[in-house]
Amino acid sequence: AMLEATSGEALDATGRGHLARIRAAAARMAKLIDGLQALSRASHDHLDIGDVDASLLADWALVELGDAEPGRAHESSVQPGIRVRADERQLKQLFDHLLHNAWKFSAGRDAVRIEVDAERVGDTVTIHLRDHGSGFDPRHIDRAFEPFQRVHGPDEGGGHGLGLAIAQRIVQRLGGRIEVETVPGEGSV
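Residue numbering note: each chain is counted from 1, following its sequence as written. Residues qualify for local features only when their pLDDT is at least 70, as the model is predicted, and side-chain atom pairs are given and counted only at 80 or more; totals for whole chains, interfaces and linings, by contrast, use all residues. Excluding hydrogens and water, the side-chain values take into account all heavy atoms of the structure.

A.B. asks: Could you give an account of the pattern of salt bridges, naming the residues involved and the relevant values?
C.D. replies: Salt bridge, as used here, is a side-chain nitrogen of Lys or Arg placed within 4 Å of a carboxyl oxygen of Asp or Glu. One pass over the structure, following the stated rule, counts eight salt bridges. The partner of Asp 53 in a salt bridge is Arg 83, and the shortest N-O contact between them spans 3.6 Å. Here Asp 53, found in strand E1 (residues 49-53), pairs with Arg 83, found in strand E3 (residues 83-87); they are 30 residues apart in sequence, far enough to count as distant. A 1.4 Å probe rolled over the protein chains alone gives each residue an accessible area, and that area as a share of the maximum for its type sets the label: buried under 20%, exposed over 50%, partly exposed in between. Exposure remark for Asp 53: the relative accessible area of 25% places this residue in the partly exposed category. Here Glu 64 ties to Lys 92 by a salt bridge, and the two come within 2.8 Å at their closest N and O atoms. A residue pair is termed long-range when its members are at least 10 positions apart, and Glu 64 in helix H3 (residues 54-68) and Lys 92 in helix H4 (residues 88-104) qualify at 28 residues. A residue is classified by how much of its surface remains accessible, and Glu 64, at 34% relative accessible area, is partly exposed. Relative accessible area serves as the criterion here: at 8%, Lys 92 is assigned to the buried category. Secondary structure elements follow DSSP: runs of H or I no shorter than four residues count as helices, runs of E no shorter than two count as strands, and numbering proceeds from the N terminus.

A.B. asks: Just give me the short version of H4, but keep the residues and values in it.
C.D. replies: Given the number of residues in a helix, its expected span is that number minus one, multiplied by 1.5 Å. In this model H4 runs 24 Å from its N-terminal to its C-terminal C-alpha over 17 residues, within 8% of the 24 Å that 1.5 Å per residue would give. Those residues of H4 that fall on the buried side of the exposure criterion are Gln 90, Leu 91, Lys 92, Leu 94, Phe 95, His 97, Leu 98, Leu 99, Asn 101, Ala 102 and Trp 103.

A.B. asks: Summarise the packing of aromatic side chains; cite the residues concerned and give the values.
C.D. replies: Here a pair means two rings of Phe, Tyr or Trp (six-membered ring of Trp) with centres within 6.5 Å. Their orientation is stacked below 30 degrees between planes, edge-to-face above 60, and tilted elsewhere. Evaluated as defined, the whole model comprises zero aromatic pairs. Seen from the ring of Trp 60, Lys 92 lies directly overhead, with NZ or CZ sitting 4.5 Å from the centre. A ring is scored as having a charge over it whenever the NZ atom of a lysine or the CZ atom of an arginine sits within 6 Å of its centre and within 35 degrees of its normal.

A.B. asks: Requested: an account of H3, with residues and values cited.
C.D. replies: The end-to-end C-alpha separation of H3 is 21 Å, in line with the 21 Å expected for 15 residues at 1.5 Å each. For H3, the full list of buried residues reads Ala 54, Ser 55, Leu 57, Ala 58, Ala 61, Leu 62, Leu 65 and Gly 66. Between two residues, a contact is recorded if the distance between any of their heavy atoms is within 4.5 Å. Where H3 is buried, its residues touch E1, strand E2 (74-78), E3, H4, strand E4 (112-121) and strand E5 (124-131). In the analysis that follows, any N or O atom pair within 3.5 Å is treated as a polar contact, provided that within protein one partner can donate a hydrogen and the other can accept it, and provided that, for residues neighboring in sequence, both atoms belong to side chains. Near the N-terminus of H3, the side chain that reaches the backbone nitrogen of Ser 55, with its oxygen 3.1 Å away, is that of Asp 53.

Structure below.
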């Protein structure tokens, strides 16, 4: 920013191009550092397990996504009354990562369509987050949860490859498991 403020007018088109690339690289690095910090927190932060309203947290994450892109058409539904034993802060982070992916990979659709529902069998609650986005090749499911592995390239909206790794770490620490079903061009659950 200092270089641009002090010398921006003196730069030619090539210099301005270099400066733009430097700023973009710095922004990518900042996002990567934020992702690594989130992965560390997901792995090491203290858990405060209690009765949590998962429906409220999913709704909250969806509202934040809609607020971040107010012009984007979206339809979502969250089953009311989904209650689980979890750490509320970590469960909110889990919804943030998973729903952000569903939102991001619904680009190109007329509207983002996401449904969240759950079923309880005994003490086990299975929560489904269903999107109608791009999906991905099921052959890549095993690496989808590995840090720095992306199932979508940067040109398809792929990020730093940490979001699903963070989600998996949170789920494991909460004593659960995470699975994905996907159909290219139709979406993921």
